[in-house]
Amino acid sequence: MNVLQSGPYHIEDTSHILSPGLVIFADIVEQNILEMVRIAKDAGRLRPHCKTHKMSEVVKLQLQHGIAKHKCATFAEAEMLADAGIEDIMLAYNPVGPHVPRCVQFAQEYPKVHFSVTADHEKPLTELNDSCVAAQIKMEVLLDVDTGLHRTGTPITSKEALRLYELLVDLPGIVPGGLHLYDGQNHQVDLVDRKAAVDVAYGDACNLAKQLDQHGWPVPRLVVGGTGSFPIFADFDDDRLELSPGTSVFHDTGYKSNFPDLDFNPASVLITRVVSRCHDDRLTLDAGNKSVASDPPFGTRLFFPDLPDAEHIIHNEEHLVLKTDQAVNYQPGDVLLGIPRHACPTSALHRTADVVRGGKVVEQWTVTARDRKINI
Ligand SMILES: Cc1ncc(COP(=O)(O)O)c(C=O)c1O
């Protein structure tokens, strides 16, 4: 038996866990889901983004807690959600090119699903309308608005936002679905600063919605927020709000340090083994950059609760070299647990994850939507 006790993480026997391996602590996932619902005040106000986990078992756990509306970024995620029993799916990624007919195909293959997408430009919007008209269906589209991330979205205070929304209303194959606002720029560590920024974004969304209301154009929902901002949006008494955190269900060390006010805990970790101790102050692990998200800066990608002093020296495809005074206490084959800085791309690097409950590996979950395409 190889017992692992690392910080709060306990596994009775790691001997059969292949490394580098993704391990999900299901009890922590459930605590994170409960915390999401507590913050939202009602599970019906949540529309979490599934990009973080991409796994139907996580979706089913969320469903058990009353979270029935979901958000995604790819058709594979949409299919994974639909196959897991979700009947309200929003593709929050403006469809272009061959993804336009894929929208129609998805709607036809999953007629029971209320499927919506986003748009921020006339060209793909009219293409989508033409495809819908040809297929004799109608599709709900939310206007994607920009509140400062400057990634996608029509500037929220622009006249163009009104013009595009009018187009949503006028196009015969389109049903206007409201506004989509992802404020990923609101990562202020200080809650007071974050709250001030979210207040401005929400105020702008309300102003725009009010103008749309005055034209008599339906604005059924405002889909807003990520992990750091949804608790702030949750405090507004507004029936149209749908809150869309993603990372919180797994959480990671990036958000743990960025949002000290939040009570979510990292639930997905990497099990890695020492493969070499070529120097007394070095440990080489099998946690290469093909097993852990490498978009965070070098040196921060994995945190080891048992080696808080570890300095990252080399990070190659299959190797992570650490410099630590504790290296002499380890030998090849020893297991270490690392917590990713960024959970979401880490999930996508693994086909399956071992799932731990009560200290035991009890099952494996498939990361179904890591592929770009499943059937559609
Ligand atoms: C459109 C959209 N909505 C929601 C989220 C969830 O944000 P977070 O991961 O900060 O919870 C993301 C994250 O990338 C996103 O791109």
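Cut-offs and rules
- Residues numbered from 1 in each chain as written.
- Predicted model: local features only at pLDDT ≥ 70, side-chain atom pairs only at ≥ 80, totals over all residues.
- Helix = DSSP H or I, 4+ residues; strand = E, 2+ residues; numbered from the N terminus.
- Rg over C-alpha atoms; globule rule 2.2 N^0.38 Å.
- Buried ≥ 20, exposed ≤ 12 C-beta atoms within 10 Å, placed from the backbone.
- Contact = placed C-beta atoms within 7 Å.
- Near = placed C-beta within 6 Å.
- Nonpolar A, V, L, I, M, F, W, Y, C, P; charged D, E, K, R; others polar.
- Domains from an automatic or database assignment.
- Pairing = 2+ DSSP bridges.
- Expected span 1.5 Å × (residues − 1).
- Arc of directions from axis to C-beta.

1. What about the overall build of the protein?
Then, number 1: Counting secondary structure elements, the protein contains ten helices and 19 strands.
Then, number 2: By the compact-globule yardstick of 21 Å for 376 residues, the protein fits well, its C-alpha radius of gyration being 22 Å.
Then, number 3: If one aligns the C-alpha atoms of the protein with their principal axes, the spans along those axes are about 70 × 45 × 35 Å.
Then, number 4: Counting the 376 residues in the protein, one finds 47% classified as buried.
Then, number 5: For the protein, the proportion of contacts with a sequence separation of at least 24, taken over those separated by at least 6, is 66%.

2. Observations concerning the site of the ligand
Then, number 1: Neighbouring the ligand are His49, Lys71, Ala92, Tyr182, Gly184, Gly226, Thr227, Ser244, Pro245, Gly246, Thr247 and Ser248.
Then, number 2: Of the residues contributing to the shell around the ligand, the split by class is three nonpolar, eight polar and one charged.

3. Re the domain arrangement of the protein
Then, number 1: Looking at the protein, the domain boundaries give domain 1 (4-24 + 263-370) and domain 2 (26-251).
Then, number 2: One C-alpha centre belongs to domain 1, the other to domain 2, and the line joining them spans 33 Å.
Then, number 3: Contact with domain 1, which involves 20 residues of that partner, is made by 24 residues of domain 2.
Then, number 4: For the side of domain 1 that touches domain 2, the secondary-structure elements that each account for two or more residues are helix H10 (343-347), strand E18 (352-357) and strand E19 (360-366).

4. Notes on the pairing of strand E16 (residues 320-323)
Then, number 1: Side chains of E16 alternate between two faces, with Leu320 and Leu322 buried and Val321 and Lys323 left unburied.
Then, number 2: Pairing of strand E13 (residues 282-285) with E16, which is carried by four bridges, proceeds in the antiparallel orientation. Following the sheet pairing, Leu283 is matched in E16 by Leu322.
Then, number 3: Across four bridges, strand E15 (residues 311-315) lies against E16 in antiparallel orientation. Across the sheet, Ile314 pairs through a bridge with Val321, a residue of E16.
Then, number 4: Taking the residues between adjacent antiparallel strands as the criterion, E15 and E16 are bridged by four residues.

5. Focus: helix H5 (residues 122-135)
Then, number 1: Between its first and last C-alpha, H5 extends 20 Å over 14 residues, near the 20 Å set by a 1.5 Å rise per residue.
Then, number 2: Where H5 is concerned, the buried positions are Pro124, Leu125, Leu128, Asn129, Ser131 and Cys132. Seen end-on, H5 carries its buried residues on one side only, within an arc spanning 165°. H5 presents Lys123 and Ala134 as exposed residues on the side facing more than 90 degrees away from its buried surface.
Then, number 3: Looking at the buried residues of H5, the elements they touch are helix H4 (99-109), strand E6 (114-119), strand E7 (139-146), helix H6 (159-170) and strand E9 (174-181).
Then, number 4: One or two residues past the end of H5 sits Gln136, with phi positive at roughly 55°.

6. Here we look at the environment of Gln326
Then, number 1: Note on placement: Gln326 falls in the loop between E16 and strand E17 (335-340).
Then, number 2: Judged by the 15 C-beta atoms lying within 10 Å of it, Gln326 falls in the partly exposed class.
Then, number 3: On a C-alpha basis, the gap between Gln326 and Gln188 in space is 35 Å, while along the polypeptide they are 138 residues apart.

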